[in-house]
Amino acid sequence: MTERSRQRQLDELEDEILQQRLDMTAAMREWRDATAPIDNAWDKLMSWRVPLVAAGGLLAMRSARKPRSTGRLFKRALTGFMMYNRGRALYRATRGRNR
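Conventions used here
Residues numbered from 1 in each chain as written. Predicted model: local features only at pLDDT ≥ 70, side-chain atom pairs only at ≥ 80, totals over all residues. Heavy atoms only, no water. Helix = DSSP H or I, 4+ residues; strand = E, 2+ residues; numbered from the N terminus. Rg over C-alpha atoms; globule rule 2.2 N^0.38 Å. Buried < 20%, exposed > 50% of the residue type's maximum accessible area, 1.4 Å probe, protein only. Areas by Shrake-Rupley, 256 points an atom, 1.4 Å probe, with all protein chains shown as cover. Lys, Arg positive; Asp, Glu negative; His and termini not counted. Charge placed at Lys NZ, Arg CZ, Asp CG, Glu CD. Expected span 1.5 Å × (residues − 1). Bend = angle between axes of the 7 residues up to and from the residue. Polar contact = N/O pair within 3.5 Å; in protein donor to acceptor, adjacent residues only side chain to side chain. Patch = residues over 30% accessible without salt bridge, like charges linked within 9 Å, V, L, I, M, F, W, Y side chains within 5 Å. Salt bridge = Lys/Arg side-chain N within 4 Å of Asp/Glu carboxyl O.

S.K.: Residues and numbers for the overall build of the chain, please.
M.R.: The number of helices and strands found in the chain is three helices and zero strands. Listing each helix as α and each strand as β along the chain from the N terminus yields α-α-α. Here the C-alpha atoms of the chain give a radius of gyration of 29 Å, more than 25% beyond the 13 Å that 2.2 N^0.38 yields for 99 residues. Reported as C-alpha extents along the three principal axes, the dimensions of the chain are approximately 85 × 50 × 20 Å. With 99 residues in all, the chain has 4% of them scored as buried. Working note: accessible area of the chain is about 9,800 Å², and carbon and sulfur atoms make up 60% of it. Of note, the chain has its 21 positive side-chain charges centred 33 Å away from the centre of its 11 negative side-chain charges.

What follows is the structure in structure tokens.
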């Protein structure tokens, strides 16, 4: 193998490595963009971590003392949350038709 062919092969390999690095950078940017909503939701959840842990502790204390009333309270809260979501969806659907 001559020095010239060896240098050409080395240059080709360096170009291939450079292209792979550019492809990796683009793929990482696409991955960050695709997972940004999940990361933002996780950050928001973590910002509410302390209040959620405190509320969970209070709920655990209450359920240990009065399990039936805690179950009813949970069912009512879940029903209210579901009604809120359905109402919001209905509002958005009817608001879109009036335009």
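S.K.: Requested: an account of helix α1 (residues 3-47), with residues and values cited.
M.R.: Since the α-helix packs 3.6 residues into each turn, any two residues three or four apart lie on the same face. The end-to-end C-alpha distance of α1 is 61 Å, a good match for the 66 Å that 45 residues give at a rise of 1.5 Å each. Of all the bends in α1, the greatest, near 50 degrees, is centred on A36, and the proline P37 appears no more than four residues after it.

S.K.: Provide a residue-level description of the side chain of S69, including the pertinent values.
M.R.: Locating S69 in the fold gives a position in helix α3 (residues 67-98). At a separation of 3.4 Å, a polar atom in the side chain of S69 contacts the side chain of R62.

S.K.: Quick rundown of the environment of E12? Include the residues and the values.
M.R.: Mapped onto the elements, E12 comes out in helix α1. On the accessibility criterion, E12 (46% relative accessible area) is partly exposed. Spatially, the C-alpha atom of E12 lies 62 Å from that of Y84, the residues being 72 residues apart in sequence.

S.K.: Give me a nonpolar patch on the surface: which residues, what numbers.
M.R.: Where nonpolar side chains cluster on the molecular surface, the patch consists of W42, L45, M46, W48 and L52 and spans about 540 Å² of accessible area. In terms of residues, the nonpolar patch owes the most to one element, α1, which gives three residues. Topologically, M46 is positioned in helix α1.

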